Amino acid sequence: MRRPAALTAGALAGALALTGCSGSGSGSGSEKAELSVSSPYMPQPVSADMAAGFLTITNKGGAGDKLTSVTSDVAGQVTMHSTTGGAMAEKSSFAIPAHGRLVFRSGGNHLMFEELKRAPKQGQKVTVKLTFATSGPLTVEMPVRPATYNPSTGH
Ligand code: CU
């Protein structure tokens, strides 16, 4: 059963290479991470000195990257946390796989905004800067939603 598996992998690699070439005029686009951010939001914090934030980072490129730090105009510091089995752990970086996504969502990975300089209120936006291991930084305007906001229902 080894032979069919090898053939399938070869065919898949060929298809991916073709897709990469047609997607970019530069010809080198498939070799780099191509990052974009979607669905950013911050639930209006109930605490005066701490808030959470969520977003999705999509990588359309053929190379992986890493989210290495997050900063914001409203917070003295922003930390990145994972949640596994209900336990939260601070992480120094998060991998963003090639042709994959890094998802921060309620109950899972999340950003924690600490040492708040002002209390973010529903309807406002906070500025969040994302720094990566190889790609250039991205700046995101993160809207502040109601404290109980659920992205799957939109309210
Ligand atoms: Cu946390």
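As a reminder, the structure under discussion sits directly above these lines.
Residues numbered from 1 in each chain as written. Predicted model: local features only at pLDDT ≥ 70, side-chain atom pairs only at ≥ 80, totals over all residues. Heavy atoms only, no water.

> Would you mind showing me how to read the overall build of the chain here?
Counting its regular elements, the chain contains 1 helix and 10 strands. A burial count over the chain gives 34% of its 155 residues as buried. Contacts spanning at least 24 positions in sequence make up 69% of the contacts within the chain whose residues lie at least 6 apart. Split by element, the accessible area of the chain, about 9000 Å² in all, is 55% carbon and sulfur. (Helix = DSSP H or I, 4+ residues; strand = E, 2+ residues; numbered from the N terminus. Buried < 20%, exposed > 50% of the residue type's maximum accessible area, 1.4 Å probe, protein only. Contact = heavy atoms within 4.5 Å. Areas by Shrake-Rupley, 256 points an atom, 1.4 Å probe, with all protein chains shown as cover.)

> Sorry if this is basic, but what is going on with the nonpolar core here?
It is characteristic of soluble globular proteins that their nonpolar side chains tend to be buried jointly. Formed by 26 residues in total, the largest nonpolar core has its most connected members in Ile57, Leu67, Val70, Leu111, Phe113 and Leu130. Broken down by element, the residue count for this core peaks at 4 residues, all from strand β9 (residues 125-132). Other than its neighbours up to four places away in sequence, valine 70 contacts Val78, Met80, Leu111, Val128, Lys129 and Leu130. (Core = buried A, V, L, I, M, F, W, Y, C linked by side-chain atoms within 4.5 Å.)

> Sorry if this is basic, but what is going on with the coordination of the copper ion here?
For a metal bound by four donors in a tetrahedral arrangement, the ideal donor-metal-donor angle is 109.5 degrees, while six donors in an octahedral arrangement ideally sit at 90 or 180 degrees. Protein ligation of the copper ion involves His81 (ND1), Met88 (SD), His110 (NE2) and Met112 (SD), the donor distances falling in the range 2.1 to 2.5 Å. One can describe the donor arrangement at the copper ion as tetrahedral, given that its 4 donor atoms subtend angles of 94 to 128 degrees at the metal. On the primary sequence, the residues serving as donors to the copper ion are separated as H-x6-M-x21-H-x1-M. Of this pair, histidine 81 sits in strand β4 (residues 75-84) while histidine 110 sits in strand β8 (residues 110-116), and the two are 29 residues apart along the sequence. Accessibility classification places histidine 81 together with histidine 110 in one group, the buried group. (Donors = N, O, S within 2.8 Å, 3.2 Å for Na, K, Ca; no water. Tetrahedral: all angles 85-135°; square planar, octahedral: opposite > 155°, others 65-115°.)

> Hey, could you run me through the pairing of β8 in this one?
Sheet faces and side chains relate simply in a regular strand, where the side chains alternate between the two faces. Here β8 lies mainly inside the structure; 6 of its 7 residues are buried. Relative to β8, strand β2 (residues 50-59) is paired through 4 bridges, and the arrangement is antiparallel. Within β8, the residue paired with alanine 52 across the bridge is methionine 112. Where β4 meets β8, 6 bridges bridge the pair, whose relative direction is antiparallel. Residue valine 78 lies in a different strand from β8, and its bridge partner there is phenylalanine 113. (Pairing = 2+ DSSP bridges.)

> I keep staring at the environment of tyrosine 149 and nothing clicks. Help me out?
Relative to the assigned elements, tyrosine 149 resides in the segment after β10 (138-145). As a C-alpha pair, tyrosine 149 and methionine 42 span 107 residues in sequence and 8.8 Å in three-dimensional space. Contact partners of tyrosine 149, with chain neighbours within four places excluded, come to Tyr41, Gly154 and His155.

> Would you mind going over the pairing of β4 with me for this structure?
The sheet contact formed by strand β3 (residues 65-72) and β4 spans 2 bridges and is antiparallel. From the neighbouring strand, valine 70 faces β4, where its bridge partner is valine 78. As paired strands, β4 and strand β5 (residues 87-91) are joined by 5 bridges and run antiparallel to one another. If you follow threonine 83 over to β5, its bridge partner there is methionine 88. Between β4 and β5, which pair antiparallel one after the other, the connecting turn spans 2 residues, and glycine 85 there sits at a positive phi close to 55 degrees.

> How should I be thinking about the environment of alanine 98 in this particular structure?
In this structure, alanine 98 sits in the loop between β6 (94-96) and β7 (101-104). Through-space distance from the C-alpha of alanine 98 to that of glycine 62 is 5.0 Å; in sequence the pair is 36 residues apart. Apart from residues no more than four positions distant in its own chain, alanine 98 is found in contact with Asn59, Gly61, Gly62, Ala63 and Gly64.

> It is not clear to me how unusual backbone geometry should be interpreted in this structure. Could you clarify?
Residues other than glycine predominantly adopt negative phi, and peptide bonds predominantly adopt the trans conformation. One non-glycine residue with positive phi stands out, namely histidine 99, at about 50 degrees. Relative to the helices and strands, histidine 99 is located in the loop between β6 and β7. Despite not being glycine, glutamate 115 has its phi angle at roughly 55 degrees, a positive value.

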